[in-house]
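# What the coordinates show
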Amino acid sequence: MPTSRSAMITGVTGQDGSYLAELLLSKGYQVHGMVRRSSAFNTSRIDHLHMGGKANPNFFLHYGDLADAGSLRDILDLAQPDEIYNLGGQSHVRVSFDQPEYTMEVNGTAVLRFLEALRFHLKHGGKAARFYQAGSSEMFGRAKPPQNEGTRFEPRSPYAVAKVAAHHEVVNYRESYGLFLCNGILFNHESPRRGENFVTRKITRAAARIKLGLEHRLTLGNLEPRRDWGFAGDYVEAMWRMLQQEEPDDYVIATGVSNSIRGFLDLAFATVGLDWHEFVDTDPRFLRPSEVDDIEGDASKARDLLGWKPTMDFASLVEMMVEADLELARTEIRTEG
Ligand code: NAP
Ligand code: G4F
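Residues numbered from 1 in each chain as written. Chains lettered and ligands numbered in written order. Predicted model: local features only at pLDDT ≥ 70, side-chain atom pairs only at ≥ 80, totals over all residues. Heavy atoms only, no water.

## Quick look at the pairing of strand β2 (residues 30-35)
As a reminder of what qualifies: Buried, partly exposed and exposed residues are distinguished by accessible area as a fraction of the type maximum, computed with a 1.4 Å probe on protein chains only: under 20%, between the cut-offs, and over 50%, respectively. Strands are runs of DSSP state E lasting at least 2 residues, helices are runs of H or I lasting at least 4, and numbering of each runs from the N terminus. Here, a strand pair is defined by DSSP locating no fewer than two bridges between the strands.
Counting buried residues in β2 gives 6 out of 6 residues, a clear majority hidden from the surface. A two-sided burial pattern is seen for β2, the buried positions comprising Gln30, His32 and Met34 on one face and Val31, Gly33 and Val35 on the other. Here 5 bridges tie strand β1 (residues 6-10) to β2, and the two strands are oriented parallel to one another. Note on β2: the bridge partner recorded for methionine 8 is histidine 32.

Below is the structure:
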């Protein structure tokens, strides 16, 4: 049985999971990450925590899947977590139109499955755990900005519909059973660890590779939507703060500043001294059947109650991501001789 505080993270192999694992380990937690089985290695974002000479003795990985109740129950039983962060899911909005049923399964129904597993765990003498649910600004859909905790959800994708379902499941279980359950409503957050098929990373990676001659063109979809982009490292701090409060609640986490895809392109290509208009094509295959045009969050509740505010502005975020992708491209060139 663990003696220090223990946390369970689903989605530990993802962008947010990797930053959160680092944060919790730095605070002395024992961290139990759930990893889904894949035919190829899927742990590159966390290998520095569990492999080689620098492996952290407080970091444990367990096979499991949000579609599999038994694995959830087993990990709860083994880890006896004080805190649970449910970050796992099908996180790509465009893909949710291609896989709507699967998206509802792992982003919506799985949250109910997890909450039931938690109730089972408690009924059978398991430790009471606080629970964080990874909600999204996509839930606001076409609601007018700025959006806050009181804004109506108007979801525009199977992804967002599933996240809205999960949000209400968490509120319902909190009210019905008195459990410590929180919804984070997080606006877009990015980093050098962002998946390569999200628009920010797609752009920073292409800008770097075009600059170094590894690629020549970048093809995107709609360049008009506006997003409120922050740094993922800041956002996992907010998740942790939510679970340290006296009472469970729901919080919007955002920077309060929005930019368009065009604005992101301007800064990313300027960082490498290029004009994006010369390199970018658009293709309808990257369009969505319905789009979220404009989101910008009002995180004043988080600022007032959690003492949280973002540390990185938009320009620094873009520059950091481009610099990281330049370094990766240079390594690729060196490796290939
Ligand atoms: P991400 O990088 O795509 O990571 C998603 C994680 O979920 C990965 O570890 C993935 O495993 C895992 N996963 C997928 N399907 C699973 C399943 N069936 N069972 C167990 N694990 C599964 O996403 P992220 O950006 O870190 O986001 C974390 C969470 O926050 C997601 O739920 C996302 O929807 C939500 N969110 C993200 C943002 C954002 O801007 N980043 C904003 C609001 C909300 P593999 O590595 O094996 O694929
Ligand atoms: O980078 P995106 O795919 O992120 P999106 O759809 O805003 O979702 C992300 O943030 C959400 C928080 O609000 C999370 F809940 C979700 O899990 C995910 O992390 O697209 C951003 C915008 C969209 O308007 C999209 O239409 O960029 C536009 N876009 C234009 N060209 C593109 C592309 N998006 C992608 N992925 N690829 C393109 O080529």
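## Side note on the sheet that holds β2
Strand-to-strand pairing in sheets goes through backbone hydrogen bonds, with the strands running parallel or antiparallel. Put simply, the rule reads: Lines fitted to the C-alpha atoms define the axes, with helices restricted to the stretch that makes contact. Angles between their N-to-C directions range from 0 to 180 degrees. Residues count as neighbours in contact if any of their non-hydrogen atoms are within 4.5 Å of one another.
The strand order β3-β2-β1-β4-β5-β6-β11 describes an open sheet built from 7 strands, whose pairing is parallel. Each edge of the sheet is formed by a strand with only one pairing partner; in this case those strands are β3 (59-63) and β11 (250-253). Taking each pair of neighbouring strands and ignoring which way they run, the sheet shows an average axis angle of 20°. Sheet topology note: the β2/β3 ladder contains 5 bridges and is parallel. Bridged to histidine 32 within β3 is phenylalanine 60. Each of β5 (130-136), β6 (181-186) and β11 touches helix α6 (residues 158-177); the most contacted strand, β6, lies at about 150° to it.

## Considerations on unusual backbone geometry
Note that the residue after proline 145, namely proline 146, is joined by a cis bond; omega there is 0°. When you line up the elements, proline 146 lands in the loop between β5 and α6. Residues other than glycine seldom take positive phi values, yet glutamine 80 does so here, at roughly 45°. Turning to its location among the elements, glutamine 80 is positioned in the loop between α3 (69-79) and β4 (83-86).

## Examining the packing of aromatic side chains
What characterises a pair of aromatic rings is the spacing of the ring centres plus the angle enclosed by the ring planes. Basically, it comes down to this: Pairing of aromatic side chains requires ring centres within 6.5 Å, counting the rings of Phe and Tyr and the six-membered ring of Trp. Pairs whose planes differ by under 30 degrees are stacked, by over 60 edge-to-face, and all others tilted.
Under the defined criterion, the tally for this structure stands at 11 aromatic pairs. Judged by centre distance (5.1 Å) and plane angle (65°), the ring pair of tyrosine 173 and tyrosine 177 falls under edge-to-face. Here tyrosine 173 and its partner tyrosine 177 are both found in helix α6, 4 residues apart, which amounts to about one turn of the helix. Summarising the aromatic geometry, the rings of tryptophan 229 and phenylalanine 264 are spaced 5.2 Å apart at their centres and angled 65° between planes, so their arrangement reads as edge-to-face. With tryptophan 229 in the loop between β9 (226-227) and β10 (230-231) and phenylalanine 264 in helix α9 (residues 261-271), this residue pair connects regions lying 35 residues apart in the sequence.

## Focus on the site of ligand 2
As a reminder, the rule being used: Here, proximity means that at least one heavy atom of the residue falls within 4 Å of the molecule or strand. Here a polar contact is recorded for every N or O atom pair within 3.5 Å, except that within protein the pair must consist of a potential hydrogen donor and a potential acceptor, and residues adjacent in sequence are included only if both atoms are side-chain atoms. Using a 1.4 Å probe, accessible areas were evaluated by the Shrake-Rupley method; residue-level cover was limited to the displayed protein chains. Classification used: nonpolar for Ala, Val, Leu, Ile, Met, Phe, Trp, Tyr, Cys and Pro, charged for Asp, Glu, Lys and Arg, polar for all others including Gly. An automatic or database domain assignment supplies the start and end points of every domain.
What surrounds ligand 2 is a group of 23 residues, the closest being Ser136, Ser137, Tyr159, Arg288 and Glu291. One of the side-chain N or O atoms of histidine 92 is found 3.5 Å from a nitrogen atom in ligand 2. In this structure, lysine 202 approaches ligand 2 through a side-chain N or O atom, which is 2.7 Å from an oxygen atom. Contact with the protein chains covers 95% of the free accessible surface of ligand 2, which is 720 Å². When grouped by side-chain class, the residues that make up the shell around ligand 2 number 9 nonpolar, 8 polar and 6 charged. Two domains each donate at least three residues to the shell around ligand 2, and these are domain 1 (6-191 + 229-253) and domain 2 (199-225 + 258-297 + 314-336).

## A closer look at α9
Restricting attention to buried positions, one finds in α9 the residues Ile261, Gly263, Phe264, Leu265, Ala268 and Phe269. Where the residues of α9 are buried, they touch α7 (199-211), β8 (218-220), β12 (259-260), β13 (280-282) and α11 (314-335). Backbone geometry just after α9 places glycine 273 at a positive phi near 75°.

## A closer look at the domain arrangement of the chain
As a reminder of what qualifies: Joining two parts hides part of their accessible area as seen by a 1.4 Å probe, and the buried area is that hidden amount summed over both. Salt bridges are identified by distance alone: a Lys or Arg side-chain nitrogen within 4 Å of an Asp or Glu carboxyl oxygen.
In terms of domains, the chain is made up of domain 1 (6-191 + 229-253) and domain 2 (199-225 + 258-297 + 314-336). One C-alpha centre belongs to domain 1, the other to domain 2; they are set 28 Å apart. Taken together, the contacts link 20 residues of domain 1 with 22 residues of domain 2. The largest per-residue losses of area from domain 1 upon contact with domain 2 belong to Arg94, Arg156 and Trp229, which jointly make up 39% of the total buried on that side. The tally of links from domain 1 across to domain 2 stands at 0 salt bridges. Sort the elements by how many residues they give to the side of domain 1 that touches domain 2 and helix α4 (residues 93-98) lands first, with 3 residues. Its residues assigned to classes, the side of domain 1 that touches domain 2 comprises 9 nonpolar, 7 polar and 4 charged.

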